[in-house]
Amino acid sequence: MSELFVEIFPVETPPAIHVYRLALTTELPRLGLRVAVRLRRTLGGFWIWSGEWLLSDSIRAENDLAFLRDEYPEIEQLTPAPEVDLPPQTIADFVIRTQLRDLDEQITAALARSGTRIRHATVEREHRLQPWDVEGQPSVSISIASRLLYDRSIAQFVQGQDPAEKLVGLWATDSAGNRGEIVKIVEGGVDPILRLQVRRDVRDFSASDLRLIVRLPQIRHYDVDMRQATQALQMSPATRAQHVRTVSDIPKEAGILASAYNARTHPDAFFSADFEMNLRFDENRVRPYNADTLPYDFAKCGVYHLRPTFAKTPVRVCVVNTLTLKLEDFVEALQRQLDRSFDFQIEVVRERRVRVVSRSNLESAVRVVEKENPDIILAFFPDDIGADEDDESDDDASAAYVRSLTLGRALPIHVIYESTLDDPEAMPAIIMGILGKTGSSPFVLTEPLEHADFVVGLDVVREVRDDQQHFTAIARVYQSDGTFMRYIIRDSTVEGEQLPYLLLRDLFPQRDFSGKRVVIHHDGALWEDLLTALTVWGQAIKAAFLPVEVIRFGAPRIYAIDNGVVQPPWGSAFKLNDSEALLISSLPKDDITPQPLHIRTVSAGQPPLAIDKALRGVLVWTLLAYGTERLPKLPVTVLNADQLSDWLRKGGRFQANEGEVAFWL
């Protein structure tokens, strides 16, 4: 069995940290930062504002700090607080912002020596440090981020062509690190003004101040070698671990950090998916889950639950075809497979050819076929690069864009790549995807979750409209064996900022959820007012809401040693503490280091769900992404939650507030 380790390092000897209490007469969130800067300039040493306390490496009497009250009349009290016991994560953060920051220049130089250039592009690598609490031990993760910057200027790239057609949809960055997607050409000319979506803000930049970022889904726009770019950005475990070692050796030699956590020295901190995973098909036929044999098991064992309407009428299919090939032979082969193994049919009601693949043409094609009110769209694309630098999606940029269009319209889509057209062994998986995305259940879990009656994906989108708070909430409701029940969408507009309590009452009606145990998957961290509302409603209907936060980005990576550094097995996890873990829920098909999920369990009026149970639930709910080439990173409860939220923020609205079709799969 391979030995696991994680890119997290215990703090060797935590420094002496002196705590000061800062009390204000009014709420000024940034005043603590200003006070810390003033103290560094006046008294020297380290002064850090932690968000709750002032932290320093030196002891100062209250009189030494009195001058600040003259400069900042909002300060009511600034006194030493030696009785405060700092959390381990706060201690680790202090180490990052003090001792490790002093090593920045040395670390940056060491990474630069291992830098890479490829034809027409430069690979930039930077180290990222995060503080962690690992079973009460202050710890620091060291991760490596990579970017591929195009060597030619934007003016050289456009070369007199239409800037909108050439640039919109690509990514760019400035020297200050602001980066994002180019969404609009604000002003033309010799040095055009470009609008970038920088996180959730839009900002305008001169083209001459930007450099283009080469992202793998868009690599065909650049004269950059695909193989070289892929190897530079999607690093193998061995290469990535070596870069981490280059960085970590410096603070280890300085006596600041110890060796990384590993299964040999901390066996109880590591988790593996060693529980049974069996699937139930038609007539209660049971097969153990095996990714390689699943399509054949499905074809042999039949559909667990066929949506009743498809027993009488065919599944209405529209086609968006970006290939040069005609699809008649493929459709005939699909019909033959259905006749042999299944009790339903499909009907292709319309095909829309897209000769030139562009966003406008794809959007036009979707608009045309959706008028036919199909049950599903089959979208055919050439085999293209699938994944972004750290994105483990199987879609290329064009396929992902079509998926975003149909997702916003609550219209299921199944993407089929050209290489599968002549592969008869791919047919059962395609049929599984069609069924799973149109309201049927190809299979469910033989072993339901013992600790839950329901598993629900919950998303809440906040928007400000006309000085009012508008909330849109989506609940995706599954039974504990993975049977999809329904989705529910509700919205509400209120004067204040507090989440309306009645919104949860409508999402979790008493007649269905009273007295039930409900595991809630949420994409990202839960807001405090959402946790409060869940607590209040749970107490009112005597339900146990058990929230699980599924955080997609930024988690430190896990590695395995097996004749070298390799990918960890699927289902591997590193348990940070009783309520927090890093989880490998998806493995790239190539030799690429997987990005774990960060899983946290929190309280909503009940003790938090045990982390082992949360990990199992997340893992088995990835199995329910029917018909995918490989398992998705996210459980189906929160799959594509970010795209749904973005669509709603852009003014999109759903036509139906409830439904029995998991259109986001």
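Predicted, not measured: the structure shown is a model, and the values here were computed from it.

(A) Structural detail: the overall build of the protein. Of the regular secondary structure elements, the protein holds 18 helices and 33 strands. Radius of gyration (C-alpha) of the protein: 27 Å, near the 26 Å computed for a compact globule of 665 residues. Seen through its principal axes, the protein has C-alpha atoms that stretch 85 × 65 × 60 Å. Within the protein, counting contacts between residues at least 6 apart in sequence, those at least 24 apart form 70% of the total. Taken as a whole, the protein presents about 30,100 Å² of accessible surface, with 46% of it coming from carbon and sulfur. Measuring between centres, the 74 positive side-chain charges of the protein sit 3 Å from its 96 negative side-chain charges.

(B) Focus on helix 8 (residues 237–253). End to end, helix 8 covers 23 Å across 17 residues, agreeing with the expected 24 Å (1.5 Å per residue, within 8%). Along helix 8, the helix axis deviates most sharply at V247, where the bend reaches about 30°; the proline P251 sits within four residues downstream. The complete set of buried residues in helix 8 reads P237, R240, A241, H243, V244, V247, S248, I250 and P251. After helix 8 finishes, the residue G255 shows a positive phi value of roughly 80°.

(C) Seen up close, the pattern of salt bridges. Tallied over the entire structure, the rule returns 31 salt bridges. A salt bridge links R21 to E83, with the shortest nitrogen-to-oxygen separation between them at 2.6 Å. With R21 in strand 3 (residues 18–24) and E83 in the loop between strand 6 (75–80) and helix 3 (88–100), this pair connects stretches of sequence that are 62 residues apart. For R359, the salt bridge goes to E181, with nearest N and O atoms at 3.4 Å. In this pair, R359 is assigned in helix 11 (residues 359–370) and E181 in strand 11 (residues 179–187), connecting sequence segments 178 residues apart. Taken together, the shared-partner salt bridges in this structure form one network comprising E124, E126, R128 and R147.

(D) Seen up close, the side chain of K437. Within the fold, K437 resides in the loop between helix 13 (427–436) and strand 22 (444–445). For K437, a relative accessible area of 5% corresponds to the buried category. Within the local environment of K437, its side chain forms a polar contact with the side chain of H414, the two groups lying 2.9 Å apart. Residue contacts for K437: discarding those within four places in its chain leaves I376, R403, P412, I413, H414, Y626, V661, A662 and L665.

(E) Structural view of the sheet that holds strand 22. One open sheet accounts for 3 strands, arranged 17-16-22; its pairing is antiparallel. If you trace the sheet from one side to the other, it starts and ends with strand 17 (286–288) and strand 22, each paired once. When strand 16 (residues 278–280) meets strand 22, the two strands line up antiparallel, connected through 2 bridges. Bridge pairing links L279 to L445 in strand 22.

(F) Region of interest: the confidence of the model for the protein. Looking at the protein as a whole, its pLDDT mean stands at 89, while 97% of the residues score no less than 70. Here residues 385–395 scores under 50 on pLDDT; set against residues more than four positions off or in separate chains, the count is 39 contacts.

(G) Fine view of the packing of aromatic side chains. The final tally for this structure, using the stated rule, is 21 aromatic pairs. Taking 5.0 Å as the distance between ring centres and 55° as the angle between the ring planes, the aromatic pair formed by F454 and F513 counts as tilted. Of this pair, F454 sits in strand 23 (residues 454–465) while F513 is found in helix 15 (residues 510–513), placing the two residues 59 residues apart along the sequence. The pair formed by F454 and F513 is uniform in burial state, with each residue classed as buried. Ring centres 5.5 Å apart and planes at 80° place the aromatic pair F484 and W664 in the edge-to-face group. Taken together, the residues F484 in strand 25 (residues 484–494) and W664 in the segment after strand 33 (658–659) connect sequence positions 180 residues apart. Given the relative accessible area of 16%, F484 is considered buried. An aromatic cluster is defined as three or more aromatic residues linked by ring pairs; in this entry it consists of Y478, F484, Y487, W621, F663 and W664. If you follow R462 out to its NZ or CZ, it ends over the ring of W527, 3.9 Å from the centre. Here the basic side chain of R616 rests over the ring of F275, its NZ or CZ set 5.5 Å away from the ring centre.

Rules used in this analysis
Residues numbered from 1 in each chain as written. Predicted model: local features only at pLDDT ≥ 70, side-chain atom pairs only at ≥ 80, totals over all residues. Heavy atoms only, no water. Helix = DSSP H or I, 4+ residues; strand = E, 2+ residues; numbered from the N terminus. Rg over C-alpha atoms; globule rule 2.2 N^0.38 Å. Contact = heavy atoms within 4.5 Å. Areas by Shrake-Rupley, 256 points an atom, 1.4 Å probe, with all protein chains shown as cover. Lys, Arg positive; Asp, Glu negative; His and termini not counted. Charge placed at Lys NZ, Arg CZ, Asp CG, Glu CD. Expected span 1.5 Å × (residues − 1). Bend = angle between axes of the 7 residues up to and from the residue. Buried < 20%, exposed > 50% of the residue type's maximum accessible area, 1.4 Å probe, protein only. Salt bridge = Lys/Arg side-chain N within 4 Å of Asp/Glu carboxyl O. Polar contact = N/O pair within 3.5 Å; in protein donor to acceptor, adjacent residues only side chain to side chain. Pairing = 2+ DSSP bridges. pLDDT = per-residue confidence, 0-100. Phe/Tyr/Trp six-rings, centres within 6.5 Å; stacked < 30°, edge-to-face > 60°. Lys NZ or Arg CZ within 6 Å of the ring centre and 35° of its normal.

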